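Chains, contacts and geometry: an overview
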Amino acid sequence: MHRIERVLRHLELSSSLEHCHSAQQQVPQLTAATTGSLFTTEKHTTTMADPIRVCVTGAAGQIAYSLVPHVAGGNMFGPDQPIILSLLDIAPCMGAVRGVEMELQDCAYPLLQGVIATSDPNEAFNNVDFAILVGAFPRREGMERKDLLAKNAAIFEEQGKAINAVASRNVKVLWWATLPTPTATSASTLPRTSPQRTSPP
């Protein structure tokens, strides 16, 4: 009788050990399956376009101040197009241009990959794909029309030479027409001074 009881106990113990061993083998499988379904996330990669370079002149002025957020925010070139923005103005206005630069950085536009603030046209137009020419000299009290024409012709001649020298071969130039400035003269001056990059309007 005692021998039969010992055999039964041995069988029960062996069965328990086999059950525990089987459970231990299943635990890693269950954990792996659970980890894969709950914690493993698929990687979705989005290919970003190469950034384009955009120059805005007259960057210290009110028109440019209203324009650059639309350029940096994707309203002008699309929501998936990264931008490197150049801000150009004359040296006495660089304090205001630095302020615009800091505001753009504070806004942390996702598409804005860089800001260049400068009074040097060659630096501003270097490899740009789009040039938005907003800056021009306004008519002051006592100025005659010929004085205004001469002043703005000199500005656009300098910018045209810089675009011709350093801009992208496929640069697109946009003139921002404002009433107080001689737009037609400015628009005709630029193609004459940058024949390799622009064509007459």
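A brief structural summary. All values derive from a computational prediction rather than experimental measurement.

**Description of the overall build of the protein**
Secondary structure summary: the protein contains six helices and five strands in total. Listing every helix and strand of the protein by position from the N terminus yields α-β-α-β-α-β-α-β-α-β-α. Buried positions account for 34% of the 201 residues belonging to the protein. Across the protein, contacts joining residues at least 24 apart in sequence account for 77% of those joining residues at least 6 apart.

**Section: the packing of aromatic side chains**
All told, the structure shown has one aromatic pair when counted by the stated rule. For the ring pair Phe 77 and Phe 130, a centre distance of 4.7 Å and an interplane angle of 55° mean the geometry is tilted. Taken together, the positions of Phe 77 in the loop between helix 2 (62–72) and strand 2 (83–88) and Phe 130 in strand 4 (residues 130–133) put the pair 53 residues apart, joining distant regions of the chain.

**Side note on the pairing of strand 1 (residues 52–57)**
Residues in a regular strand point their side chains to alternate faces of the sheet. Most of strand 1 sits inside the fold, with five of its six residues counted as buried. Two strands pair when backbone bridges link them, and strand 1 and strand 2 are joined in this way by six bridges, in the parallel orientation. Bridge pairing in strand 2 links Arg 53 to Ile 84. Traced from strand 1 through helix 2 to strand 2, the parallel crossover comes out right-handed. Bridging between strand 1 and strand 4 involves three bridges; their strand directions are parallel. Bridge assignment links Cys 55 to a residue of strand 4, and that residue is Ala 131.

**Some details on the nonpolar core**
Grouped together as the largest cluster of nonpolar side chains are 21 residues, with contacts concentrated most on Val 56, Leu 85, Leu 87 and Leu 104. Sorting the residues of this core by element identifies strand 1, helix 2, strand 2, helix 3 (94–107) and strand 3 (112–118) as the ones contributing at least two each. Contacts of Leu 87, omitting those with residues within four sequence positions, involve Val 56, Ala 59, Val 68, Val 97, Val 100, Glu 101, Leu 104, Val 115, Ile 116, Ala 117 and Thr 118. Judged by nonpolar contacts, the second largest core, of 13 residues, contains Leu 88, Phe 125, Ala 167 and Trp 175.

Thresholds applied
Residues numbered from 1 in each chain as written. Predicted model: local features only at pLDDT ≥ 70, side-chain atom pairs only at ≥ 80, totals over all residues. Heavy atoms only, no water. Helix = DSSP H or I, 4+ residues; strand = E, 2+ residues; numbered from the N terminus. Buried < 20%, exposed > 50% of the residue type's maximum accessible area, 1.4 Å probe, protein only. Contact = heavy atoms within 4.5 Å. Phe/Tyr/Trp six-rings, centres within 6.5 Å; stacked < 30°, edge-to-face > 60°. Pairing = 2+ DSSP bridges. Right-handed = clockwise from strand over helix to strand, strands pointing away. Core = buried A, V, L, I, M, F, W, Y, C linked by side-chain atoms within 4.5 Å.

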